[in-house]
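A structural walkthrough
Letter by letter, the chains look like this.
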Amino acid sequence: MSELVPPTGSMTMPLSVVFWGTRGSIASPGPQKVRFGGNTSCMEVKGRGRKRYIFDAGTGIRALGESLAVENEPLEAEIFLTHFHWDHIQGFPFFGPLQDPNARLRIHAPAQEGRTPAELLAAQMMEPFFPVSFDDFPSRPAVIEAGLSPWSDGTITVDAFRACHPSITFGFRIRSGGAVLVYFPDNEALPMLHEDQGRRYQQLVQFCAGADLLVHDAMYTNEEYPSRVGWGHSTYEQALALAADAGVKRLRLFHHAPERDDAALAAIEQNMRDDLAGSGSHLDVAAAFEGEALDLDSTVQT
């Protein structure tokens, strides 16, 4: 990622966030999952101006595309993919703005063991898996290989960190002025405590440090985790511990297990809030849900 110089001056630089998909592994809609939703990973971010910043292209990106259609203006967007597991790319071919020749879209994603992001996106749309090829999109989106260096367009800066998850997977720190959002939809935090005498975990804590909002993988319960060690996901308690260690203001639990219904998620959410209240913590914690919108405002001197 190449970095551009941000604008100077005194300004209010908000980040607004909307979740369009919060599930993990596979979409799982149903009457018991209306509150938190059944679509897979997709998060929309807005800074100053009309441009959108989209993180992951799970099945939630289809509804995002529909919402953008009412604006009646060509979309300008940067799409950041954490990795290429199905639940993070399966909605991509159904993203409506891809059909608009006037849309300006750029896709940033990590390469995978010698295969470029463009090759990987095209592969999921090859016959016999899909009837339309990647090259058929009228928007002709650009595909950029993302690395660990910061990327900026002068409005928002995006830093990347290698997550603990099968395949080459990134987490992102999104900054606009003093507002900071950290997004780790797939990350197994616990093994980092034992890697290189805990240095990896401390690097993760520093990457998340002071964020206004941490969106983090919380797929398992403590009872489920022992049989899933090494699968690349965290428990609710591990996500909470990371949030406390990093001193973040808000935590949104993410990548909900496909079998976890609304009642189960609500119970986990309430238990965590009760535990925090008992400890005197002021951390705002909740399970992310489809349609949740959050504003992170910061007036800064740059």
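Residues numbered from 1 in each chain as written. Predicted model: local features only at pLDDT ≥ 70, side-chain atom pairs only at ≥ 80, totals over all residues. Heavy atoms only, no water.

For the rest of this paragraph, the subject is the overall build of the protein chain. Scanning the protein chain from terminus to terminus reveals six helices and 16 strands. Over its C-alpha atoms the protein chain spans a radius of gyration of 19 Å, differing by no more than 12% from the 19 Å that the globule rule assigns to 302 residues. For the protein chain, the spread of C-alpha atoms along the three principal axes comes to 55 × 50 × 40 Å. For the protein chain, with 302 residues in total, the buried portion stands at 55%. For the protein chain, the share of sequence-separated contacts (at least 6 apart) that also reach a separation of at least 24 residues comes to 71%. Carbon and sulfur atoms make up 53% of the accessible area of the protein chain, which amounts to about 13000 Å² in all. (Helix = DSSP H or I, 4+ residues; strand = E, 2+ residues; numbered from the N terminus. Rg over C-alpha atoms; globule rule 2.2 N^0.38 Å. Buried < 20%, exposed > 50% of the residue type's maximum accessible area, 1.4 Å probe, protein only. Contact = heavy atoms within 4.5 Å. Areas by Shrake-Rupley, 256 points an atom, 1.4 Å probe, with all protein chains shown as cover.)

What follows is about the layout of surface pockets. The computed volume of the largest pocket comes to approximately 240 Å³. Forming the boundary of the largest pocket are Trp-86, Gln-90, Pro-93, Phe-94, Ala-123, Gln-124, Phe-129 and Phe-130. Of the residues in the lining of the largest pocket, the class split is six nonpolar, two polar and no charged. (1 Å grid on protein atoms, 1.4 Å probe; cavity = no way out; pocket = protein on both sides within 12 Å on 5 of 7 lines; lining within 4 Å. Points joined across faces, edges and corners; volume = space filled by probe spheres on them. Nonpolar A, V, L, I, M, F, W, Y, C, P; charged D, E, K, R; others polar.)

A separate point is the sheet that holds strand E5 (residues 76–80). Taken in spatial order, the seven strands of this open sheet run E7-E6-E5-E4-E3-E2-E15, and their pairing is mixed. Here the strands that pair on one side only, and so sit at the sheet edges, are strand E7 (142–145) and strand E15 (293–296). Across the sheet, the mean angle from the axis of one strand to that of its neighbour is 20 degrees, orientation sign disregarded. Where strand E2 (residues 15–21) lies against strand E3 (residues 42–46), five bridges are found, and the strand directions are antiparallel. Bridging across to E3, Phe-19 finds its partner in Met-43. (Pairing = 2+ DSSP bridges. Axes fitted to C-alpha atoms, helices over the stretch in contact; angles between N-to-C directions.)

Let us now look at the pattern of salt bridges. Scanning all chains against the criterion turns up 18 salt bridges. The salt bridge partner of Arg-104 is Glu-76, with a shortest N-O separation of 3.9 Å. Taken together, the positions of Arg-104 in strand E6 (residues 104–109) and Glu-76 in strand E5 put the pair 28 residues apart, joining distant regions of the chain. Judged by its relative accessible area of 26%, Glu-76 is partly exposed. Between Glu-78 and Arg-106 there is a salt bridge, with its nearest N and O atoms 2.6 Å apart. One end of the pair, Glu-78, is in strand E5; the other, Arg-106, is in strand E6, with 28 residues separating them in the sequence. Glu-78 gets classed as buried once you look at its relative accessible area, which sits at 2%. (Salt bridge = Lys/Arg side-chain N within 4 Å of Asp/Glu carboxyl O.)

Taken in spatial order, the seven strands of this open sheet run E8-E9-E10-E11-E12-E13-E14, and their pairing is mixed. The open sheet is flanked by strand E8 (151–152) and strand E14 (284–287), the only strands paired with a single partner. Direction of pairing for E8 relative to strand E9 (residues 157–162): antiparallel, over a ladder of two bridges. Considered in E9, the bridge of Ser-152 is made with Thr-157.

Of the pairings in the sheet, the one linking E6 to E7 comprises four bridges and is parallel in character. What sits directly across from Ala-109, in E7, is Glu-145. Since E6 and E7 lie parallel, the crossover through helix H3 (residues 117–123) that links them has a hand, and here it is right-handed. (Right-handed = clockwise from strand over helix to strand, strands pointing away.)

On to the pairing of E15, then. Along E15, the buried face is formed by Leu-294 and Leu-296; none of Ala-293 and Asp-295, which line the opposite face, is buried. Pairing of E2 with E15, which is carried by four bridges, proceeds in the antiparallel orientation. Residue pairing across strands places Leu-15 opposite Leu-296, the latter belonging to E15.

Moving on, we come to the side chain of His-83. Note that His-83 resides in the loop between E5 and helix H2 (86–89). You can call His-83 buried: its relative accessible area is 0%. A polar contact is formed between the side chain of His-83 and the side chain of His-85, at a distance of 3.3 Å. Among the polar contacts made by the side chain of His-83, one reaches the side chain of His-165 at a distance of 3.4 Å. When sequence neighbours within four positions are dropped, the list of residues in contact with His-83 reads Asp-56, His-88, Ile-89, His-165, Ser-167, Ile-168, Thr-169 and Asp-186. (Polar contact = N/O pair within 3.5 Å; in protein donor to acceptor, adjacent residues only side chain to side chain.)

To continue, consider unusual backbone geometry. Cis geometry marks the peptide bond from Glu-127 to Pro-128, where omega comes out at 5 degrees. Non-glycine residue Asn-72 carries a positive phi angle of around 55 degrees. You can see Asn-72 is positioned in the loop between helix H1 (60–69) and E5. According to the relative accessible area criterion, Asn-72 is exposed, its value standing at 70%. The backbone of Glu-113 sits at a positive phi, close to 50 degrees, despite the residue not being glycine. Inspection of the secondary structure assignment puts Glu-113 in the loop between E6 and H3.

Remember, this is a structural readout, not a statement about activity or role.
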